[in-house]
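Chain by chain, the residues:
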Amino acid sequence: VGRLILVLGDQVSEDLSALRGADRDDDVVVMAEVADEAGYVPHHPKKIAFLFAAMRKFAARLRDDGWRVAYTTLDDPANSGSIPGELLRRADEFGTSHVVATEPGEWRLIHALQDCPLDIEIRPDDRFLASHAEFDRWAEGRKELRMEWFYRDMRRKTGLLMENGEPAGGKWNYDHENRKPAPDAVDFGGPMQFTPDETVDEVLELVGRRFGNNFGDLHPFWFATDQGQARRALTHFIKHALPKFGDYQDAMLADDRFLYHAVISMYLNAGLLHWREICDAAEAAWRAGDAPLNAVEGFIRQIIGWREYMRGIYFREGPDYTSRNELGHGRSLPGFYWGDATNMRCVSKAVEQTQAEAYAHHIQRLMVTGNFALLAGIDPHEVHEWYLSVYADAYEWVEAPNVIGMSQFADGGIVGSKPYVSSGNYIAKMSDYCDGCHYNVKTKLGEGACPFNLLYWAFMDRHRERFASNPRMAQMYATWDRMKPERREQILSEAETFLNRMAQGALV
Ligand code: FAD
Ligand code: DLZ
Ligand code: SF4
């Protein structure tokens with residue numbers, strides 16, 4: 001044959017650079033379910049099932065379109081267990097050493113391909129809006145890489161929400177309208193759910209058997225697993241939830257796991273949806289008067305702004321990014337991130353839904369589990385591995401800048417100009433978690449004090465040298481300094497006691 005065309009699990013898209021110009025008669029598409037990819041972190045079973053099902057259905061679709069597909073299932077006795085291993089095996093089988101690949105989204109796998117003794121052409125992944133070169137050009141010579149400036153360039157480049165070269169409505173960003181606390185009632189029933197078909201059922205059996213002990217519930221499984229289903233899920237969101245997406249973007253409710261979020265990141269990242277169709281659909285809803293500008297602008301910003309910016313940072317910062325630890329945090333991730341009991345209702349609820357759905361929305365990831373890990377001084381690499389494992393949308397290119405950068409400040413301030421830390425007050429304002437919590441969010445120290453309140457000051461005190469000169473944090477240091485020394489000492493000592501009990505595995 002001519003060449004092997006590699007299609008990875010998160011590349012199930014017909015418009016893939018590796019497939020472009022390939023010859024259906026001469027070339028062979030290689031796809032493989034392999035132990036290495038399924039095991040480099042203990043992925044949530046729903047994440048593995050979603051990818052395997054999407055891969056199998058994509059392979060079937062390619063075959064229907066006349067492609068030759070060499071597909072390895074996980075259970076195949078000949079399975080070599082790794083992507084390079086499968087390429088070598090197929091190269092031998094088909095008598096070719098030429099491979100075309102689309103750049104993987106993790107350095108780990110890029111290096112594995114580079115080290116593979118075959119002639120591998122790695123093409124850019126142009127399912128993204130900004131190429132590496134374009135991001136680097138934008139970043140070059142800037143002192144600070146603020147997302148907002150990058151985003152405006154992407155608005156100009158795409159023409160999304162632009163009118164005669166100006167941003168629609170006269171402003172680039174409507175975020176100040178997007179911070180409403182949790183509503184009393186949500187009139188959106190959540191993302192569209194799909195009944196497993198035969199392919200999905202087969203995968204569920206396999207994943208249950210092989211990964212049943214991983215953290216996370218495999219059943220009920222309702223994700224879309226092909227392009228048609230993912231598009232229906234998108235349309236459902238645009239019609240029923242987008243209008244209120246902006247208002248409640250930062251809200252959290254214990255008994256509503258999705259609020260007005262799209263729940264499409266796993267589809268977008270795997271290749272079942274394209275950023276352009278998502279953004280076009282959102283813009284069309286605004287033009288038709290079906291969704292307000294604050295919602296549509298906020299939503300489009302997440303996709304052509306934050307998502308592209310994060311990817312740019314990951315590839316620009318290089319392979320050592322996930323081991324950065326600028327704040328020198330070294331505690332182990334407590335067991336309650338993996339489902340052990342905790343008295344902190346916010347953390348317990350966020351982890352519980354993560355376990356059930358392989359999903360949590362942005363503010364839960366940032367201001368509950370992320371905030372707690374940062375305040376408690378957890379080793380950012382462990383935090384990174386947790387996020388990479390438990391969310392169905394998690395691949396390093398997007399997860400690492402969100403976790404190491406935005407959430408844990410472990411990159412020293414490349415992604416964020418200040419750490420995302422808050423006391424319990426923020427959680428109380430934006431959610432209903434504190435009602436019925438073992439702790440009292442209004443209690444700052446002593447019996448029943450909310451741990452976020454104690455740890456917040458301990459964090460500020462611990463990193464005073466680094467943050468005191470940050471103008472956006474000066475006011476908090478002034479508040480801290482106005483407290484009586486005995487009060488400060490008591491807070492620090494209670495925070496220390498809490499962390500020690502947590503480290504010993506006590507119920508906290
Ligand atoms: P919506 O809230 O409806 O937003 C729409 C879309 O915007 C998302 O589907 C996503 O594609 C994009 N988006 C929004 N925020 C971001 C962001 N910060 N970075 C990149 N894209 C964004 N997103 C991932 O795709 N994979 C991850 O592994 C991941 N890890 C995260 C870890 C932490 C600590 C934090 C704070 C955020 C993380 N995010 C990650 C970003 C964000 O939380 C998810 O994209 C979002 O929750 C997905 O749900 P949704 O589709 O309902 O999003
Ligand atoms: C995440 C994942 C999993 C669980 N399994 C596979 C697999 O068996 N085969 C495959 O080709 N890809 C898988 N993936 C996605 C890859 O890990 C992903 O392509 C890289 O992490 C780069 O983003
Ligand atoms: Fe979380 Fe504190 Fe509120 Fe409890 S009181 S839910 S620990 S913020």
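Before going into details, it helps to say that this report is about the structure given with it. Nothing here was measured: the structure is a model prediction, and the numbers come from that model.

Criteria and cut-off values
- Residues numbered from 1 in each chain as written.
- Chains lettered and ligands numbered in written order.
- Predicted model: local features only at pLDDT ≥ 70, side-chain atom pairs only at ≥ 80, totals over all residues.
- Heavy atoms only, no water.
- Buried < 20%, exposed > 50% of the residue type's maximum accessible area, 1.4 Å probe, protein only.
- Helix = DSSP H or I, 4+ residues; strand = E, 2+ residues; numbered from the N terminus.
- Pairing = 2+ DSSP bridges.
- Near = heavy atom within 4 Å.
- Polar contact = N/O pair within 3.5 Å; in protein donor to acceptor, adjacent residues only side chain to side chain.
- Areas by Shrake-Rupley, 256 points an atom, 1.4 Å probe, with all protein chains shown as cover.
- Nonpolar A, V, L, I, M, F, W, Y, C, P; charged D, E, K, R; others polar.
- Axes fitted to C-alpha atoms, helices over the stretch in contact; angles between N-to-C directions.
- Parallel < 35°, antiparallel > 145°, perpendicular 65-115°, else oblique.
- Contact = heavy atoms within 4.5 Å.
- Salt bridge = Lys/Arg side-chain N within 4 Å of Asp/Glu carboxyl O.

1. With respect to the pairing of strand S2 (residues 28-32)
Inference 1: Here S2 lies mainly inside the structure; five of its five residues are buried.
Inference 2: The two faces of S2 match: Val 28, Val 30 and Ala 32 on one face and Val 29 and Met 31 on the other face are all buried.
Inference 3: Where strand S1 (residues 4-6) meets S2, three bridges bridge the pair, whose relative direction is parallel. Of the residues in S2, the one forming a bridge with Ile 5 is Val 29.
Inference 4: Across five bridges, S2 lies against strand S3 (residues 68-72) in parallel orientation.

2. With respect to the site of ligand 2
Inference 1: Neighbouring ligand 2 are 19 residues, the closest being Gly 9, Asp 10, Ala 32, Val 34 and Glu 37.
Inference 2: A distance of 3.3 Å separates an oxygen atom of ligand 2 from a polar backbone atom of Gly 105.
Inference 3: In isolation ligand 2 exposes 490 Å². Once the protein is present, 100% of that is buried.
Inference 4: When residues of the shell around ligand 2 are traced back to their parent elements, those giving at least two are helix H1 (35-39), helix H2 (45-64) and helix H4 (107-115).
Inference 5: Among the elements that line the shell around ligand 2, the one with the most residues is H2, at three residues.
Inference 6: Split by residue class, the shell around ligand 2 holds eleven nonpolar, three polar and five charged.

3. Remarks on the packing of helix H18 (residues 451-462) against helix H20 (residues 474-482)
Angle between the axes and distance between the axes are the two parameters that describe a pair of packed helices.
Inference 1: Here H18 crosses H20 at 105 degrees, and the two axes come no closer than 11 Å. As judged from the angle between their axes, H18 and H20 are roughly perpendicular. On H20, the residues that touch Tyr 456, Trp 457, Met 460 and Asp 461 of H18 are Met 476, Tyr 477, Thr 479 and Trp 480.
Inference 2: Residues of the contact of H18 with H20, tallied by class, amount to six nonpolar, one polar and one charged.

4. A closer look at the pattern of salt bridges
Inference 1: Scanning the model with the defined rule gives 40 salt bridges in all.
Inference 2: Its salt-bridge partner being Asp 136, residue Arg 316 comes within 3.4 Å of it at the nearest N-O pair. In this pair, Arg 316 is assigned in helix H12 (residues 293-317) and Asp 136 in helix H5 (residues 132-139), connecting sequence segments 180 residues apart.
Inference 3: Among the salt bridges present, the one from Arg 324 reaches Asp 320, with a minimum N-O distance of 2.9 Å.
Inference 4: Residue Arg 324 is classed as buried on the basis of its relative accessible area, which comes to 17%.

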